[in-house]
Amino acid sequence: MRALSARNRELLNLLVVGMLTGLGFASVYIARSEIVSPESLTYAAFFLLVYLVAHVVARLTVPYADPYLLPLAGFLTAIGLTEIYRLNPDDAFRQGLWVVLGVALFSAALVALRSDYRRLESYKYVIGFGALVLLALPAFPVIGREIRGAQLWVEIGPLQFQPGEFAKILLIVFLAGYLREKREVLAQGRLKDFGPLLLIWGGAMAVLVQTNDLGSGLLYFGIFLGMLYVATARLVFVMGGMALFLAGSAFVYRIIPRVEDRVTIWLDPWPHAQDEGYQLVQSLFAIAFGGFGGTGLGKGTFTTSDGTNLIPDLNTDFIYAALAHELGLVGIAAVLLVYMLFAMRGFRVAMLAQDGFSKLLAAGLTFGFALQTFIIVGGVVRLIPLTGITLPFVSYGGSSLLANFVLLAGLLLVSNRALAPRD
Amino acid sequence: MTPPLGESIAVDEALVILKVLFLVLLYLFIWRIVRTASKDVRLPQESFILRPGEAEAAGLSQPSAIQTGKLTVLKSPALEPGTTYELDSTPLTIGRGGQNDVPIEQDEFASARHARFEPRRDGVWVQDRGSTNGTFVNGAQLERPRRLAPGDVVRVGETDLRYDR
């Protein structure tokens, strides 16, 4: 076993993922053969090919990087693509294109930063400014676009994207550099040093108000608190930050009806089952109907007899419900385990990293990934108020997929540096 | 939409088989990763939280939180006795090969990649790198990485090194 190099182990695991993809697509094909065509089976092969390309690039650029992150991400992308394909083959075709672009961006990031990603630290203020610009973009009149009440989109010509997804990555890089430099001062906890903390709290609240979306605000502020804790080991900052966030949220709850709706539905969706709470209630029914073993991939019921969708946004925000419906508790637990393993490997990269910037970067990227998963899964299963953010690697959507591929590249770069032999 | 009855049963059976195969393979995949990860020997027993007062540990310079020390040559066919090697934050390798931090070409009992000293937070560890003749600490052959106490004598080939803080 020891003889297997990291990259060979990665290859082996990718082949297992390829087999899983094949089984998933075969199941969808057999269950829905009257709708989908046999050529669809080439999706699985094509998907494996794309990931093998990513593997070869990793082999050339980051030979010592963690061997499990890429296969785990591969599995998540595969199960997402399978489910999207099952829901809407046309969306799956577009998602397939996004996967190709994602792998291209992933490869570009690895090639560009393979020698030393730590030079990003010198550009931290430029990167932080970039994050702010991206966050503010949807608010601009001509290009900004509101979709279902949340101002998160930018539309330039035919191209639509969510700049917030990329802002997340830039914010993490900025915070890694900034906190690395300022952590000693911050750890002392003098009141005047809390300026930046309050500024970022204000920023998160502004994002929240401006986008009408609790989820993104929670995500950005959560990432900030998590990284602040990693940098200073002061639990009191996290407590204080959470108290501030709750206070801010309570205020926002009063002034923005949309947020108030979300909380009401969260506390008791049943009286609203036919209006505001319809989506959540249908999603809960879908999950419950999946039961222990699920209906099987391709066998679930997501449309009424006349073909209208029971759950709006099923392939983006609510894809977790679709997966739970078709894979059952056994399958969805495995999917959550894959998310946990990804987070575990990511935090391990943070542990192994030799310098503060790398540790903060790896911990921040992993924490952002894990928190985002928690926020959307928690929202769909009614553990916390529902907010529309994507399930990393699984949800339909180009911006999210591309950003997550960059995140993956970042973790591989840090782990390659940490594990490369220094002799 | 509804296929003939006989065909529908065959389809259902095929789907159950695919579902079971999918789940079994998926859990095997997860189990394999969990198992290999738990066998990971290189994982240092430390947290990734940067603590106050460990300023240097966070910087790009040498982390002070990591135990350091020095190695003094007691006797060697390759090195001058009395020579000292500082152990800083990075691991130090010794062996006959020129790529080592401490190359000992003239020591004929040493292997090309012989042993490695690794300063960690809980002390300086020495590890044999699969050498032919083995690495010894105070006369006992190393079976697994071992933490050094000040005054320990490490033998690599015919070279004796003393570890001090």
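This text goes with the structure placed above it.
What this report covers is the structure whose coordinates are included nearby.

### Brief notes about the environment of A:A6
Residue and element names in this part refer to chain A.
For step 1, the next point in the chain: On the secondary structure map, A6 appears in helix α1 (residues 6-31).
For step 2, the next point in the chain: On the basis of relative accessibility, which here comes to 18%, the residue A6 falls in the buried class.
For step 3, the next point in the chain: Here A6 is in contact with P63, A65 and P67, once residues within four sequence places are set aside.

### Some words on the nonpolar core
For step 1, the next point in the chain: The biggest cluster of nonpolar side chains holds 133 residues, and the ones touching the most others in it are A:F75 and A:F342.
For step 2, the next point in the chain: A total of 16 residues in this core trace back to one element, the largest contributor, which is helix α12 (residues 319-352) of chain A.
For step 3, the next point in the chain: Contact partners of A:F342, with chain neighbours within four places excluded, come to A:L69, A:L72, A:A73, A:F369, A:F393, A:L407, A:L408 and A:L411.
For step 4, the next point in the chain: Grouped together as the second largest cluster of nonpolar side chains are 20 residues, B:I104, B:A115, B:V124 and B:V126 included.

### Considering the pattern of salt bridges
Residue and element names in this part refer to chain A.
For step 1, the next point in the chain: Tallied over the entire structure, the rule returns 15 salt bridges over all chains.
For step 2, the next point in the chain: For E10, the salt bridge is made with R7, and the minimal N-O distance between the two is 2.6 Å. Separated by 3 residues within a single helix, E10 and R7 lie in helix α1, roughly one turn from each other.
For step 3, the next point in the chain: For K168, the salt bridge identified is with E165, shortest N-O distance 3.9 Å. Here K168 pairs with E165, and both are found in helix α6 (residues 163-188), just 3 residues apart, close to one helical turn.

### Remarks on the sheet that holds strand β9 (residues 146-147) of chain B
All names here are of chain B.
For step 1, the next point in the chain: Strand order in the open sheet formed by 5 strands is β4-β3-β5-β6-β9, and the pairing between neighbours is mixed. Two strands lie at the open edges of the sheet, namely β4 (102-103) and β9, each paired on one side alone.
For step 2, the next point in the chain: Relative to β4, strand β3 (residues 92-95) runs parallel, the two being bridged by 2 bridges. Of the residues in β4, the one forming a bridge with G95 is P103.

### What about helix α4 (residues 89-113) of chain A?
Residues and elements named next belong to chain A.
For step 1, the next point in the chain: For α4, with 25 residues, the first-to-last C-alpha span of 36 Å sits near the 36 Å given by 1.5 Å per residue.
For step 2, the next point in the chain: Where α4 is concerned, the buried positions are D91, A92, Q95, G96, V99, G102, V103, F106, S107, A109, L110 and L113.
For step 3, the next point in the chain: Packed against the buried residues of α4 are α2 (42-61), α3 (69-87) and α14 (398-419).
For step 4, the next point in the chain: The backbone nitrogen of D90 has a side-chain oxygen 3.0 Å away, supplied by the residue at the start of α4, namely N88.

### Some remarks on a negative patch on the surface
For step 1, the next point in the chain: Together, A:E260, A:D261, A:D275 and A:E276 give the surface a local cluster of negative charge.
For step 2, the next point in the chain: Inspection of the secondary structure puts A:E276 in the loop between α10 (257-267) and α11 (278-290).

### So, the side chain of A:H55
All names here are of chain A.
For step 1, the next point in the chain: Following the sequence through the fold, H55 ends up in helix α2.
For step 2, the next point in the chain: Taking relative accessible area as the criterion, H55 reaches 3% and is therefore assigned buried.
For step 3, the next point in the chain: Within the structure, H55 has its side chain in polar contact with the side chain of E10 (distance 2.7 Å).
For step 4, the next point in the chain: Once you skip the residues sitting within four places of it in the chain, H55 turns out to touch R7, E10, L11, L14 and L70.

### Examining the sheet that holds strand β8 (residues 140-141) of chain B
Residues and elements named next belong to chain B.
For step 1, the next point in the chain: Ordered in space as β2-β1-β11-β10-β7-β8, the 6 strands form an open sheet in which the pairing is antiparallel. On the outer flanks of this sheet lie β2 (84-87) and β8, each paired with one strand and no other.
For step 2, the next point in the chain: Note that strand β1 (residues 69-75) and β2 share 4 bridges and pair antiparallel. Each bridged residue has a counterpart across the sheet, and for L71 the counterpart in β2 is Y85.

### Considerations on the pairing of strand β5 (residues 115-120) of chain B
Residue and element names in this part refer to chain B.
For step 1, the next point in the chain: Counting buried positions over the 6 residues of β5 gives 6, a clear majority of the element.
For step 2, the next point in the chain: Burial along β5 is two-sided: the face carrying A115, F117 and P119 and the face carrying R116, E118 and R120 are both buried.
For step 3, the next point in the chain: Direction of pairing for β3 relative to β5: antiparallel, over a ladder of 3 bridges. Paired with I94 across the strands is A115, a residue of β5.
For step 4, the next point in the chain: Alignment of β5 against strand β6 (residues 123-128), held across 6 bridges, turns out to be antiparallel. Counterpart to R120 in the pairing with β6 is G123.
For step 5, the next point in the chain: Taking the residues between adjacent antiparallel strands as the criterion, β5 and β6 are bridged by 2 residues.

### Side note on the interface of chain B and chain A
For step 1, the next point in the chain: Counting residues at the interface gives 45 residues for chain B, matched by 62 residues for chain A.
For step 2, the next point in the chain: Buried surface at the junction of chain B and chain A, summed over both partners, amounts to about 4,700 Å²; 70% is from carbon and sulfur atoms.
For step 3, the next point in the chain: Broken down residue by residue, the surface that chain B buries against chain A is led by B:F22, B:F29 and B:F48, which jointly contribute 16%.
For step 4, the next point in the chain: The tally of links from chain B across to chain A stands at 0 salt bridges.
For step 5, the next point in the chain: Between chain B and chain A we count 4 residue pairs in polar contact (both at pLDDT 80 or more) in total.
For step 6, the next point in the chain: For the side of chain B that touches chain A, the elements supplying multiple residues, two or more each, are α1 (5-38) and α2 (55-58) of chain B.
For step 7, the next point in the chain: Among the elements that make up the side of chain B that touches chain A, the one with the highest residue count is α1(B) (19 residues).

Rules of the game
- Residues numbered from 1 in each chain as written.
- Chains lettered and ligands numbered in written order.
- Predicted model: local features only at pLDDT ≥ 70, side-chain atom pairs only at ≥ 80, totals over all residues.
- Heavy atoms only, no water.
- Helix = DSSP H or I, 4+ residues; strand = E, 2+ residues; numbered from the N terminus.
- Buried < 20%, exposed > 50% of the residue type's maximum accessible area, 1.4 Å probe, protein only.
- Contact = heavy atoms within 4.5 Å.
- Core = buried A, V, L, I, M, F, W, Y, C linked by side-chain atoms within 4.5 Å.
- Salt bridge = Lys/Arg side-chain N within 4 Å of Asp/Glu carboxyl O.
- Pairing = 2+ DSSP bridges.
- Expected span 1.5 Å × (residues − 1).
- Polar contact = N/O pair within 3.5 Å; in protein donor to acceptor, adjacent residues only side chain to side chain.
- Patch = residues over 30% accessible without salt bridge, like charges linked within 9 Å, V, L, I, M, F, W, Y side chains within 5 Å.
- Areas by Shrake-Rupley, 256 points an atom, 1.4 Å probe, with all protein chains shown as cover.
- Lys, Arg positive; Asp, Glu negative; His and termini not counted.
- Charge placed at Lys NZ, Arg CZ, Asp CG, Glu CD.
- Buried area = accessible area lost by both parts, 1.4 Å probe.

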